[in-house]
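For reference, the chains in residue letters:
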Amino acid sequence: MPLSMRFALAAFFLAACGPPLPPRRVPADYPGALSPPSALRSPGLGEAFALEQRVRSESSEGTYEFRAIMQRQGDTLIVVGLEPHGGRGFVLTQRGDEVEFESHLPQELPFPPRYMLLDIHRAWFMGLEGPREDGEHREERGGEEIVERWEGGLLRERTFRRLDGEPEGEIRVTYEPGLGGAEPPREVTLHNGWFGYTLTITTLSHQVIEPTEDP
């Protein structure tokens, strides 16, 4: 069965901690376009922030967990995957339109690092301009239909569907208790119906990064 992103972040991270994964085929492409980090907006997170997270990946091939740190500041978005002893397993950096991947893992990443960033953008940033009134709101953008459901002034659910039906199905992101409050949601769940995996992201800590003044 092809990987098709089912292990998402956890597949290659765990290769550093256990036996090598067998070679697998990779999907030809993961639809979607990345925006520069300076253009990214997320309700309630602020202009610059750092999130410590626990990521749980579930698919037909297993369940895995690890910790990660995501930081956005200016035109830079950085994701650090942590090994069990606290060291860096990988560092994924987006600066403007450029993507860099630094790996301390014993195996080559089995898919382009851009695929990981697409999940991150969809979960946290790739939505409608908000906040919105309570109810359902939809917009077509980049060959996709984006639908958001707002309740009590908070984003509760966001879905993505390809207008051409390729891949079939949808990506669904849910936020508990909601995105857009004073603090990030304690749990974000991304179910990727295109490739058959679920990521559950638990927020462990949230830090607002104050802007630095030029000397």
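What you see is a predicted model, and the numbers here were worked out from it, not measured in a lab.

S.K.: Pulling in residues and values, what's your account of the overall build of the protein?
M.R.: Per the secondary structure count, the protein includes two helices and eleven strands. In the protein, the succession of helices and strands from N to C terminus is α-β-β-β-β-β-α-β-β-β-β-β-β. In the protein, buried positions account for 44% of the 215 residues. Contacts in the protein between residues far apart in sequence, at least 24 positions, make up 49% of those at least 6 positions apart. Surface exposure of the protein reaches about 10,600 Å², of which carbon and sulfur atoms provide 48%.

S.K.: Quick rundown of the side chain of His137? Include the residues and the values.
M.R.: Mapped onto the secondary structure, His137 falls in strand β6 (residues 135–141). Owing to a relative accessible area of 18%, His137 belongs among the buried residues under this scheme. There is a polar contact of 2.6 Å between the side chain of His137 and the backbone oxygen of Glu133. The residues contacting His137, other than those within four sequence positions of it, are Leu128, Arg132, Ile146, Val147, Glu148 and Trp150.

S.K.: Tell me about the confidence of the model for the protein, and name the residues and values.
M.R.: Averaged over all residues, the pLDDT of the protein equals 85, while 85% of them reach at least 70. Averaged over each element, pLDDT in the protein is lowest for helix α1 (residues 8–14) (41) and highest for strand β7 (residues 144–151) (98). Counting interchain partners and residues more than four positions distant, the pLDDT-below-50 stretch residues 1–26 has 70 contacts.

S.K.: Now, about unusual backbone geometry: what can you tell me, with residues and values included?
M.R.: Omega for the peptide link from Glu166 to Pro167 comes to 0 degrees, which places this bond in the cis form. As for its position among the elements, Pro167 is in the loop between β8 (154–162) and β9 (171–179). Glu176 connects to Pro177 through a cis peptide bond whose omega is 5 degrees. Inspection of the secondary structure assignment puts Pro177 in strand β9.

S.K.: Can you lay out the side chain of Arg122 for me, pointing to particular residues and giving the numbers?
M.R.: Among the structural elements, Arg122 can be located in helix α2 (residues 113–124). Dropping the residues within four chain positions of it, Arg122 is found in contact with Tyr30, Pro31, Gly32, Glu144, Arg158, Phe160, Ile171, Val173, Tyr175 and Trp194.

S.K.: Now, about the packing of aromatic side chains: what can you tell me, with residues and values included?
M.R.: One pass over the full model with this rule turns up five aromatic pairs. With centroids separated by 6.2 Å and ring planes inclined at 85 degrees, the aromatic side chains of Tyr30 and Trp194 adopt a geometry described as edge-to-face. In this pair, Tyr30 sits in the loop between α1 and β1 (49–59) while Trp194 sits in the loop between β10 (187–192) and β11 (197–208), placing the two residues 164 residues apart along the sequence. Just as Tyr30 is buried, Trp194 falls in that class too.

Thresholds applied
Residue numbering note: each chain is counted from 1, following its sequence as written. The predicted nature of this model means local features are confined to residues of pLDDT at least 70 and side-chain atom pairs, given and counted, to a pLDDT of 80 or more, with totals for whole chains, interfaces and linings taken over all residues. Hydrogens and waters are ignored; side-chain quantities use all the structure's heavy atoms. Numbered from the N terminus, helices here are DSSP runs of H or I no shorter than four residues, and strands are runs of E no shorter than two. Exposure classes here rest on a 1.4 Å probe applied to the protein chains alone. A residue is buried below 20% of its type maximum, exposed above 50%, and partly exposed in between. The criterion used for residue contact is that any of the two residues' heavy atoms lie within 4.5 Å. Each accessible area is a Shrake-Rupley estimate made with a 1.4 Å probe; only the visible protein chains count as cover when residues are assessed. Identification of polar contacts relies on pairs of N or O atoms within 3.5 Å, with a donor-acceptor requirement for protein atoms, meaning one able to donate a hydrogen and the other able to accept it, and with residues adjacent in sequence counted only if both atoms are side-chain atoms. The pLDDT value expresses, per residue, how confident the predictor is, ranging between 0 and 100. The rule is short: rings of Phe, Tyr and Trp, with Trp giving its six-membered ring, pair when the centres are within 6.5 Å, and they are stacked under 30 degrees, edge-to-face over 60, tilted in between.

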